[in-house]
Amino acid sequence: MKPRLRFAPSPSGYLHIGGARTALFNWLWARQQGGTFVLRVEDTDQERSSLESVRAILDAFRWLGLDWDEGPEVGGPYGPYFQSERKELYREATERLIREGKAYRCYCTKEELDRAREELKAKNPKAAFVYPGTCRERRDEPDLPFVVRFKTPREGSTDFVDRVFGTIRTPNAAQQDFVLVRTDGYPLYNLAATIDDHEMNITLVARARDHIGNTPQQILLYRAFGWEPPEFAHLPMMLSPKGEKLSKRHASVSVQDYRDRGYPPMGVLNYIVRFGWSLGDQEIFSLKELIENFSWDRVNKSDGKFDEKKFADVAFEHLKREDLMPLPEYAERVRPFLEKRGLTNVPEERLRAAIPGIRERARTFVDAAHDLDYYFRDPPELDEKARAKFLTREAAAHLAGLRDALAGVEPWEAAALEAKTKEWAEAKGLTMKDFAQAARVALTGRSASPPLFEVMAVLGREQTLARLARGTELAG
RNA sequence: GGCCCCAUCGUCUAGCGGUUAGGACAUCGGCCUCUCACGCCGGUAACGCGGGUUCGAUUCCCGCUGGGGUCGCCA
């Protein structure tokens, strides 16, 4: 049977980097096995859910290159894929549970419970409040607001075999009568997710380890409904560099942050997949390799801490290597970052000529756009420190001489330019060190750039000669 | 605190009874060099502790310690 996997985000913010990791594992397995990847929007919390968040999450998925077979925008045979549109299903299921004595109405108010929770906390800060079961055996049905609670068995234990963690056993006595339906009639996570995973025929639920505690509750529900539970696979946590749960307080937890900071999507994917999954000593993977090699038995159990430096390096590999990011794609992806610098009419041909020289230097597209700037801004912006240091009176003569020497070079290519320059320098008794930095500042406005002759080749004869001339003036 | 889970360099990890404990990032030296990078060479750096099992434990079992998760009318 082809597996059906799902990722079920709550649209109450952006796509979290940890969520992206979970989605990726699900997606990889679905793609490798020829299964189905479903996106389901868990918007049962009216207060926190927004359409704007749905859009942001879908955009993040698109940017990462993770497509979904069923879900928002594409539909599918198990829809609707928004839980807010499936209320009738939950209502019927809940009524059945109540009718069969497996769930009950609880009239305790949130205020009462909160007060009890606080009182307990005041007495013993470490103790956890457990719902005392006040309404568990209640027979009357007063005309008051109520929630529906699950009647958790008091005896026995609920066990399941996790694909990553193995057998996990939870004593039922440790579970309380958890709430299934809110006062407002909306279902809670455990109820809605269980019903949907069953109705949508999900075969494997893979999610982060912080859901391990929900699993027994969900299994209890599957049993109460008489359904066969899916398989479960829990993933170790991605923690902050300090080892805390990743939250908004930490830098860049949302996927769009990484996009905006100029990282390539595959760099993000490659880094996060290594949280919990590995294949021998291999560090860098293409998407294709991930799809081919992903397996649950290579997923480990221990949590990992996010390391910004390592991430930057992995992302850099994906920018640097032509085999991982072909030139046309690089050009397309860097354009928005050039536009942010005001460079809007960038000719494709020159862009492609310039990229090979800068891609091994730029660690992000933000850096790349910066490094590309002088190719598309004429005259280039001049770094004053570089000017003061290198465009000296002595340099003026060198620049003028170099300009004249290069004026007639044919063909206008790096090798010919280099040969001619060296010939000129030798005749003058100069070495590259004597004039290279001055020439660099004249050509690029900066003290750091790709090798001079590559810069000249991209700039072309006209601009090269003009900039050398202008450099002569500035120096003199 | 109850329940659940985890434990190899600073970080991500390989290892699945016998290895000089490997790789990557970071870090420290050096090389290359027209700058900045890239690249290359080399160094420092880990099996948390205590019991077992075994001829032999990083590896299997138990305890301790440490870390994390969870205990909502959030998901």
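Residues numbered from 1 in each chain as written. Chains lettered and ligands numbered in written order. Predicted model: local features only at pLDDT ≥ 70, side-chain atom pairs only at ≥ 80, totals over all residues. Heavy atoms only, no water.

We now examine the pairing of strand β8 (residues 204–208). Of all 5 residues in β8, 5 are buried, a share of seventy percent or more. As paired elements, β8 and strand β9 (residues 231–235) share 5 bridges and run parallel to each other. Bridging across to β9, Leu-204 finds its partner in Glu-231. Between β8 and its parallel partner β9, the chain crosses via helix α6 (residues 214–225), and the hand of that crossover is right-handed. (Buried < 20%, exposed > 50% of the residue type's maximum accessible area, 1.4 Å probe, protein only. Helix = DSSP H or I, 4+ residues; strand = E, 2+ residues; numbered from the N terminus. Pairing = 2+ DSSP bridges. Right-handed = clockwise from strand over helix to strand, strands pointing away.)

Following the criterion strictly, the structure yields 29 aromatic pairs and no others. Considering the side-chain rings of Phe-7 and Phe-61, the 5.7 Å spacing of their centres and the 45° angle between planes classify their relative orientation as tilted. Remark: Phe-61 occurs in helix α2 (residues 51–64) and Phe-7 occurs in strand β1 (residues 4–7); sequence separation between them is 54 residues. When sorted by exposure, Phe-7 lands in the same class as Phe-61, which is buried. Put simply, the rings of Phe-25, Trp-29, Trp-277, Phe-285, Phe-294 and Trp-296 pair up and form one aromatic cluster. Of note, Lys-87 hangs over the ring of Tyr-186, and the distance from its end group to the ring centre comes to 4.0 Å. (Phe/Tyr/Trp six-rings, centres within 6.5 Å; stacked < 30°, edge-to-face > 60°. Lys NZ or Arg CZ within 6 Å of the ring centre and 35° of its normal.)

Per the domain assignment, the segments making up chain A are domain 1 (86–235), domain 2 (255–376) and domain 3 (384–475). Relative placement of domain 1 and domain 2: their C-alpha centres are 42 Å apart. Counting from both sides, the interface comprises 8 residues of domain 1 and, opposite them, 5 residues of domain 2. Here domain 1 meets domain 2 over a buried area of about 600 Å², counting both sides, of which 65% is carbon and sulfur. Contact with domain 2 buries area across many residues of domain 1, yet Val-164, Phe-165 and Arg-209 alone supply 59% of it, more than any other trio. The tally of links from domain 1 across to domain 2 stands at 1 residue pair in polar contact (both at pLDDT 80 or more). Mapped onto the side of domain 1 that touches domain 2, the elements with two or more residues apiece are β8 and β9. Residues that form the side of domain 1 that touches domain 2 fall into these classes: 6 nonpolar, no polar and 2 charged. (Domains from an automatic or database assignment. Contact = heavy atoms within 4.5 Å. Buried area = accessible area lost by both parts, 1.4 Å probe. Polar contact = N/O pair within 3.5 Å; in protein donor to acceptor, adjacent residues only side chain to side chain. Nonpolar A, V, L, I, M, F, W, Y, C, P; charged D, E, K, R; others polar.)

Two residues of an α-helix separated by three or four positions point the same way, owing to the 3.6 residues in each turn. The terminal C-alpha atoms of helix α18 (residues 452–475) lie 18 Å apart, and with 24 residues this falls more than 12% below the ideal 34 Å at 1.5 Å per residue. The largest bend in α18 comes to about 120°, at Gly-460. (Expected span 1.5 Å × (residues − 1). Bend = angle between axes of the 7 residues up to and from the residue.)

Attention now moves to the sheet that holds strand β7 (residues 179–181). The strands that make up a sheet pair up through hydrogen bonds in the backbone, lying either parallel or antiparallel. Read from one edge to the other, the open sheet built from 3 strands follows the order β3-β4-β7, with strand pairing classed as antiparallel. In the strand order of this sheet, the two ends are held by β3 (103–106) and β7, each with one partner. In this sheet, neighbouring strand axes are inclined to one another by 40° on average, regardless of whether the strands run parallel or antiparallel. Here strand β4 (residues 147–150) pairs with β7 via 2 bridges, running antiparallel. Across the sheet, residue Val-148 finds its bridge partner in β7, namely Val-181. Each of β3, β4 and β7 touches helix α3 (residues 87–99); the most contacted strand, β3, lies at about 100° to it. (Axes fitted to C-alpha atoms, helices over the stretch in contact; angles between N-to-C directions.)

As a matter of local geometry, RNA strand B sits amid 65 residues, with Thr-44, Arg-182, Thr-183, Lys-245 and Arg-440 nearest to it. Of all atoms in RNA strand B that approach within 4 Å of the protein, 63% are sugar or phosphate atoms. Gly-276 places a main-chain nitrogen or oxygen 2.9 Å from a phosphate oxygen of RNA strand B. Within the side chain of Arg-440, a nitrogen or oxygen atom sits 2.3 Å from a base oxygen of RNA strand B. Listing elements by their share of the surface near RNA strand B, those giving two or more residues are α4 (110–123), β6 (166–171), β11 (304–305), α10 (308–320), α17 (432–444) and α18. Per-class residue counts for the surface near RNA strand B are 20 nonpolar, 17 polar and 28 charged. (Near = heavy atom within 4 Å.)

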